[in-house]
Amino acid sequence: MISLSDPVAAALAAGRPVVALESTIITHGMPWPENLETAQAVEAAVEAEGAVPATIAVLAGRLHAGLSPGDLDTLARAKDVAKLSRADLAVCLARGGTGATTVAATMIAARHAGIEVFATGGIGGVHRGAETSFDISADLRELAQTPVTVVAAGAKAILDLAKTWEVLETLGVPVIAYGQDMLPAFWSATSPHPAPLRMDDPRTVAQAHRMRAALGLPGGQLVANPIPAEAEIPAETLAPLIETALADAAARGIAAKAVTPFLLDRLFALTEGRTLAANIALVLNNARLAARIARDLSALPPEPA
Ligand code: PSU
Ligand code: MN
């Protein structure tokens, strides 16, 4: 079902740490060439922490965990790549297509490969106006059913964060702020939302991941890791720009899967690139923490089969 790169296959066979990485952030979340540079830097950050990176994507009808440098380059340059979530993954594979995996689809692939930890930028969530649009990311349901620990800088601040956290609570997903009491808000290190759970070291995250398996609980954990202070954009600076981006999306009738990429791109333009620089910093920070969690997981007894 899934083609593992040689380093990923060797690490998994030996019980050494592996970190899954998504590809929608490459194809739909960042412009060329920063998307490729970031993907490469994120892989290097995982390696520097002693883990093996497994970037996940569908290439010509094959699901891959661990891309060659050439495949990563091709994916980053490609235009009109499909954005694959839970609903689209099997269809793309059946048709022999190529596509980038969202948080939801990356979790599914990671689980298939036997990878327990995944780093991204920010998860999808409940969009503002969801009470009329019903736009709620499939990422939330995936966290409730697929046992992968996801390290993200919270949910993107373009979303309705209060509703996003409520839905995760309803679904029984542990939302863990890393090293602080308040939840981060993607480009901003903090927010007015208190975290339901707080952890201060990777080992506790790893132990809780194993404990969920021991209890037979489906689903993963969300580790909300704040952006480094020197890279953050204050929420007050972003708030009016987010309103502008949302109004632009509404005026143009942007809907469904196009909403998140459109808003990220508009904010990039409205902030003259500041959101992109922050996005890169927070992804790198998440990759480092995910690698440390994967290292601590590999030191614990493996999940019972
Ligand atoms: N994180 C980023 N940039 C992104 C995304 C996450 O820093 O582009 C992607 C992820 O793949 C996430 C998706 O799963 O946005 C959410 O899309 P939607 O809201 O349509 O579910
Ligand atoms: Mn959506």
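Structural data are supplied above this passage.
Reading the values: the criteria
- Residues numbered from 1 in each chain as written.
- Chains lettered and ligands numbered in written order.
- Predicted model: local features only at pLDDT ≥ 70, side-chain atom pairs only at ≥ 80, totals over all residues.
- Heavy atoms only, no water.
- Buried < 20%, exposed > 50% of the residue type's maximum accessible area, 1.4 Å probe, protein only.
- Helix = DSSP H or I, 4+ residues; strand = E, 2+ residues; numbered from the N terminus.
- Arc of directions from axis to C-beta.
- Contact = heavy atoms within 4.5 Å.
- Core = buried A, V, L, I, M, F, W, Y, C linked by side-chain atoms within 4.5 Å.
- Near = heavy atom within 4 Å.
- Polar contact = N/O pair within 3.5 Å; in protein donor to acceptor, adjacent residues only side chain to side chain.
- Areas by Shrake-Rupley, 256 points an atom, 1.4 Å probe, with all protein chains shown as cover.

## Focus: helix H9 (residues 161-170)
1) Next: Taken as a whole, H9 has its buried residues at Leu161, Thr164, Trp165 and Leu168. Buried residues along H9 cover an arc of 95 degrees about the axis, so they all sit on one side. Looking at H9, the residues exposed on the side facing more than 90 degrees away from the buried face are Glu169 and Thr170.
2) Next: Close packing links the buried residues of H9 with helix H8 (138-145), strand E9 (175-178) and strand E11 (221-224).

## Quick word on unusual backbone geometry
1) Next: Omega for the bond connecting Trp32 with Pro33 falls within 30 degrees of zero, at 0 degrees, which places this linkage in the cis form.
2) Next: The residue Pro33 is located in the loop between helix H2 (24-27) and helix H3 (34-48) in this model.

## Some remarks on the nonpolar core
1) Next: Counting 104 residues, the largest nonpolar core has Val19, Ile123, Leu168 and Trp187 as its most contacted members.
2) Next: Considering each element in turn, this core owes the most residues, 12 residues, to helix H13 (residues 274-299).

## Overview of the site of ligand 1
1) Next: Among the 19 residues in the neighbourhood of ligand 1, the closest are listed as Glu22, Lys83, Ser137, Asp139 and Thr260.
2) Next: A distance of 2.7 Å separates an oxygen atom of ligand 1 from a polar side-chain atom of Asp139.
3) Next: A distance of 3.1 Å is found between an oxygen atom of ligand 1 and a side-chain nitrogen or oxygen belonging to Asn279.
4) Next: With the chains in place, 95% of the 480 Å² that ligand 1 exposes on its own is no longer accessible.

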